[in-house]
Amino acid sequence: MLKHSVYIAAHDSDALAKVSDAMTLIEGLQAELPGMLDLAHGPNLDFEQKSQTYSYGFIITFTDRAAHLEYETHLDHQAAGALLVAAATGGHDGIFVADLDVSAQL
């Protein structure tokens, strides 16, 4: 399984509106992509004071890399990505992405 984690530096109301629009597009993909198992998203509460830059994030669980590639190439994902880049402080530099293989063992 793969956990796709995305965090966005978006702090003003216009930027957060774009993030909301992007999340609506991504939520719609759950019904279309069987390999997209779940989606969780929300504001970063940053209890440990280590990630103040990133105000919002989401995590998607995919069955495998093939399912993730299907998501990557979907037009709604591409539109959502464009909205997130437009919302993020510094464009691409204002987005942090990590893809975790949660089935791997050390």
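The structure contained in this document is the topic of the report that follows. (Residues numbered from 1 in each chain as written. Predicted model: local features only at pLDDT ≥ 70, side-chain atom pairs only at ≥ 80, totals over all residues. Heavy atoms only, no water.)

With that settled, the discussion passes to the pairing of strand β3 (residues 56-62). For β3, the buried fraction is high: 6 of the 7 residues fall into the buried class. Sheet topology places strand β1 (residues 2-8) next to β3; 7 bridges connect them, and they run antiparallel. The partner of His4 across the bridge, within β3, is Ile60. Two strands pair when backbone bridges link them, and strand β2 (residues 36-43) and β3 are joined in this way by 7 bridges, in the antiparallel orientation. By the bridge assignment for β3, Asp38 is matched with Thr61. (Buried < 20%, exposed > 50% of the residue type's maximum accessible area, 1.4 Å probe, protein only. Helix = DSSP H or I, 4+ residues; strand = E, 2+ residues; numbered from the N terminus. Pairing = 2+ DSSP bridges.)

Right, let's get into the sheet that holds β3. Judged by pairing direction, the sheet is antiparallel, and its 4 strands sit side by side in the order β2-β3-β1-β4 without closing on themselves. The sheet is open, and its two borders are formed by β2 and β4 (95-101), each paired with just one other strand. Taking each pair of neighbouring strands and ignoring which way they run, the sheet shows an average axis angle of 10°. In this fold helix α2 (residues 65-73) packs onto β1, β2, β3 and β4, with an angle of close to 130° to the strand it touches most, β3. (Axes fitted to C-alpha atoms, helices over the stretch in contact; angles between N-to-C directions. Contact = heavy atoms within 4.5 Å.)

This paragraph deals with the environment of Glu27. Tracing the backbone through its elements, the reader meets Glu27 in helix α1 (residues 13-29). Separated by 30 residues in the primary sequence, Glu27 and Gly57 have C-alpha atoms spaced 13 Å apart.

Another aspect to go through is the packing of α2 against helix α3 (residues 75-87). As a packed pair, α2 and α3 sit with axes 5 Å apart at the nearest point and diverge in direction by 65°. Here α2 is positioned roughly perpendicular relative to α3, judged by the angle of their axes. For the pair α2 and α3, the contacting residues are Tyr71, Glu72 and Thr73 in the first and Leu75, His77 and Gln78 in the second. Residue classes in the contact of α2 with α3 are distributed as 2 nonpolar, 3 polar and 1 charged. (Parallel < 35°, antiparallel > 145°, perpendicular 65-115°, else oblique. Nonpolar A, V, L, I, M, F, W, Y, C, P; charged D, E, K, R; others polar.)

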